[in-house]
Amino acid sequence: MTGERTEVSIWREAALVAGKDLRIEARARVALGQILPFGLIVILLFAFALDPDRGVLTRVAPGLFWIAVLLATLLAVGRAFAIETHHGARDGLRMTGLDGGAIFLGKATAIAVQLAALEVVLGVGVIVLYGVDVNGIGVVVLTAVAATVGLAATGTLYGVLAAGLRLRETLLPLLLLPVIAPVMLGATRAFEDGLGGVPGDAWPWLGILTVFAVIYTTIGVMAFGALWEEAA
Amino acid sequence: MSEAERDDAGLPRDELLAPMLRRVIGVVTIVSLVALVLFGLWGAPTDEVQGDAQRVMYLHVPSAWLAYLAFFVTAAASALFLWRRTRAEVWDRLAGASAELGVMFTGLALVLGSIWGRPVWGVWWAWDARLVSTALLFFLFLGYCALRRIPAADPVGGAKRNAIAALIAFVDVPIVHFSVEWWRTLHQQATVFNPQLNPQIHGVMGLTLWLGTIAFTLLYVYLLDRRYRLAVLEDGRADRELERAIAERISTSRGVVA
Amino acid sequence: MTDVGYVIAGWSVAGIVLGAYTVRLVLRIRRAERESAPPESNT
């Protein structure tokens, strides 16, 4: 059965899973109605914590943006696996006989799409509220893509690792945040270069973000099947 | 004993080290630790630049070394567990025991580094690449230990999950290292690591540093064996409690039938 | 000796952490061994 699998069918299966998750999201509107407003209020609160009048916000905007995205990622990942817990959905998905790697790619894609939408809104929010200039839009977009793929891959991996466990809500941030610390670091530096600095300086950071995304997507495709079976 | 039957790889399971070997290691550890205290506090001369605060280094450097060794052992044992041909409970327990010790030594290295940094650098903490990487390493494996503490419904599945988690965390170590290194060196002024602070090391000082490394490594081996033993005992207790619960259920249901 | 406070602090922290961990480990093993001994001697 598995011998018949081609790459094409893996991508098709992944698209099915992603479509399913996104349809659920389109109906339930949790990302749109709760996670997105959460990200915006975080952006707003940073202005209370820091001094909005002396250019502090403009200088630290890239870091604040990615902190907000990181926090939203935690919520999105928790949500992506919460939808599998009701009405035996996980067993249903298991019994479809879909390849573990395909389910991983599908769920990660769904998370990535939601994060990307969130980043667009937060990005506009940061530009408007913090008064940020965009020097290199190409670098900013590439950084966002690479970082989002990395975040979605690690998030899906740790999401299934903690799925079904007692205390998963508190365990997930502890597991995920140290692992994605390099993404936070790389994406913030690349954004600094792409927004107010010299866009050409961002390449090493883009490289590290890409390596991170590739490594964790590969691990996810390989390991997800085993973890998915164990998730009680 | 039912435990012995499940041993596929034919490895010793109840004990990591033979009792005799463990006792020898225990005694040598104590002797070397006493020697370390004598040399570290009195035998070694005072550092010309750093003063006596440098004596904290005799503990800090071995702790940091052990942190890396312990996490490497965790990763290697996890990989051996995941590889079907070498899969055995011994690797899972070894990985868990080593990670717990690794977290302790990493935490110790951070605290000792901070205590050393205050008199020598003038600050408790500096955003130095090595410090930041070590702090992230601490949290990476702290999370792994927290994950391990949650019991799984299926022991083999849980062990597999733990092994994968250890490897995911371990893969992150070089990425963290390089990104932090770039962050602190690409556009940053002179670091706190002044070459003048590292003059020629006096012979006795180097010797003491080696003594500390050996003593801590022996202590690690001894504690690893003990932590492994505790894991075996606790798994056995969980099994017995389950058996007892099943036996009680059977006897009560029989009573109902009678 | 200079910086005596820091030296004492560093060495005591290390001693307390390692000592406490070792002692606690040994005690937990003893307790677990005591608990596991009786049922096996009965059978």
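Residues numbered from 1 in each chain as written. Chains lettered and ligands numbered in written order. Predicted model: local features only at pLDDT ≥ 70, side-chain atom pairs only at ≥ 80, totals over all residues.

**Section: the overall build of chain C**
Next up, step 1: A tally of regular secondary structure across chain C gives 1 helix and 0 strands.
Next up, step 2: Of all 43 residues assigned to chain C, the portion counted as buried reaches 14%. (Helix = DSSP H or I, 4+ residues; strand = E, 2+ residues; numbered from the N terminus. Buried ≥ 20, exposed ≤ 12 C-beta atoms within 10 Å, placed from the backbone.)

**Some details on the overall build of chain A**
Next up, step 1: The helix and strand inventory of chain A stands at 9 helices and 0 strands.
Next up, step 2: Ordered by position from N to C terminus, the α and β elements of chain A give α-α-α-α-α-α-α-α-α.
Next up, step 3: Here the C-alpha radius of gyration of chain A, 18 Å, is about what a compact globule of 232 residues would show, namely 17 Å.
Next up, step 4: Seen through its principal axes, chain A has C-alpha atoms that stretch 60 × 35 × 30 Å.
Next up, step 5: The proportion of buried residues among the 232 residues of chain A is 46%.
Next up, step 6: For chain A, the share of sequence-separated contacts (at least 6 apart) that also reach a separation of at least 24 residues comes to 84%. (Rg over C-alpha atoms; globule rule 2.2 N^0.38 Å. Contact = placed C-beta atoms within 7 Å.)

**Regarding the interface of chain B and chain C**
How big an interface is tends to be expressed through the accessible area that disappears when the partners come together.
Next up, step 1: Counting from both sides, the interface comprises 25 residues of chain B and, opposite them, 23 residues of chain C.
Next up, step 2: For the side of chain B that touches chain C, the secondary structure elements donating two or more residues are helix H4 (89–121) and helix H7 (203–257) of chain B.
Next up, step 3: Residue contributions to the side of chain B that touches chain C peak at 11 residues, all from H7 of chain B.
Next up, step 4: Partitioning the side of chain B that touches chain C into residue classes produces 14 nonpolar, 2 polar and 9 charged. (Nonpolar A, V, L, I, M, F, W, Y, C, P; charged D, E, K, R; others polar.)

**Observations regarding the interface of chain B and chain A**
Next up, step 1: Opposite the 25 residues of chain B that make contact, chain A presents 25 residues.
Next up, step 2: Breaking the side of chain B that touches chain A down by element, the ones donating at least two residues are helix H5 (129–149) and helix H6 (155–186) of chain B.
Next up, step 3: Examining the composition of the side of chain B that touches chain A, we find that 16 residues originate from one element, H6 of chain B, more than from any other.
Next up, step 4: Counted by class, the side of chain B that touches chain A contains 18 nonpolar, 3 polar and 4 charged residues.

**Section: H4 of chain B**
Next up, step 1: With 33 residues, H4 of chain B extends 46 Å between its outermost C-alpha atoms, agreeing within 8% with the 48 Å of an ideal straight helix rising 1.5 Å per residue.
Next up, step 2: Where H4 of chain B ends, the next residue or the one after it, Gly122 of chain B, has phi of about 90 degrees, a positive value. (Expected span 1.5 Å × (residues − 1).)

**Some details on the nonpolar core**
The nonpolar side chains of soluble globular proteins are, as a tendency, buried together.
Next up, step 1: Counting 142 residues, the largest nonpolar core has Phe65, Val69, Ile111 and Leu209 of chain A together with Val56, Ala166 and Ala169 of chain B as the members making the most contacts within it.
Next up, step 2: Of all the elements, H4 of chain B adds the most residues to this core, at 17 residues.
Next up, step 3: If we skip the residues at most four places from it in the chain, Phe65 of chain A touches Leu122, Gly123, Val126 and Phe191 of chain A. (Core = buried A, V, L, I, M, F, W, Y, C linked by C-beta atoms within 7 Å.)

**Here's the deal with the confidence of the model for chain C**
Next up, step 1: Of the residues in chain C, 81% have a pLDDT of 70 or more, and the chain-wide mean is 84.
Next up, step 2: What the predictor reports for the complex is a pTM of 0.86 with an ipTM of 0.87. (pLDDT = per-residue confidence, 0-100.)

**Description of helix H6 (residues 137–162) of chain A**
Next up, step 1: With 26 residues, H6 of chain A ought to run about 38 Å at 1.5 Å a step, and its terminal C-alpha atoms sit 37 Å apart, in line with that.
Next up, step 2: One or two steps after H6 of chain A, the chain reaches Gly164 of chain A, where phi turns positive at roughly 80 degrees.

**Regarding the packing of helix H5 (residues 100–130) of chain A against H6 of chain A**
Residue and element names in this part refer to chain A.
Next up, step 1: It is the contact of H5 with H6, at a shortest axis distance of 8 Å, that shows an interaxial angle of 135 degrees. Between H5 and H6, the angle falls in the class oblique. For the pair H5 and H6, the crossing hand works out as right-handed. Between H5 and H6, the residues in contact are Phe104, Lys107, Ala108, Ile111, Ala112, Leu115, Ala116 and Glu119 and Ala144, Thr148, Val149, Leu151, Ala152, Ala153, Gly155 and Thr156, respectively.
Next up, step 2: Within the contact of H5 with H6, the residues separate by chemical class into 11 nonpolar, 3 polar and 2 charged. (Axes fitted to C-alpha atoms, helices over the stretch in contact; angles between N-to-C directions. Parallel < 35°, antiparallel > 145°, perpendicular 65-115°, else oblique. Left-handed = near helix turned anticlockwise from the far one by under 90°.)

**What to know about the environment of Leu94 of chain B**
Residues and elements named next belong to chain B.
Next up, step 1: Note that Leu94 resides in helix H4.
Next up, step 2: Residue Leu94 is classed as buried on the basis of its 24 C-beta neighbours within 10 Å.
Next up, step 3: Sequence separation of Leu94 and Ile25 is 69 residues, and the distance between their C-alpha atoms is 18 Å.
Next up, step 4: Once residues lying within four places of it in the same chain are set aside, the contact partners of Leu94 are Val73, Ala77 and Tyr228.

**A look at the packing of helix H3 (residues 57–82) of chain B against H4 of chain B**
When two helices pack together, their arrangement is given by the angle between their axes and by how far apart the axes lie.
Residues and elements named next belong to chain B.
Next up, step 1: Packing of H3 against H4 leaves a shortest axis separation of 7 Å and a crossing angle of 155 degrees. In terms of their interaxial angle, H3 and H4 are classed as roughly antiparallel. The way H3 lies across H4 gives a crossing that is left-handed.

**What to know about the environment of Gly101 of chain A**
Residue and element names in this part refer to chain A.
Next up, step 1: Position of Gly101 among the secondary structure elements: in helix H5.
Next up, step 2: Judged by C-beta crowding, with 20 C-beta atoms within 10 Å, Gly101 ranks as buried.
Next up, step 3: Sequence-wise, Gly101 and Ile219 are 118 residues apart; in three dimensions their C-alpha atoms are separated by 9.5 Å.
Next up, step 4: When near neighbours in sequence (up to four residues on either side) are disregarded, Gly101 contacts Ile10, Val221, Phe224 and Gly225.

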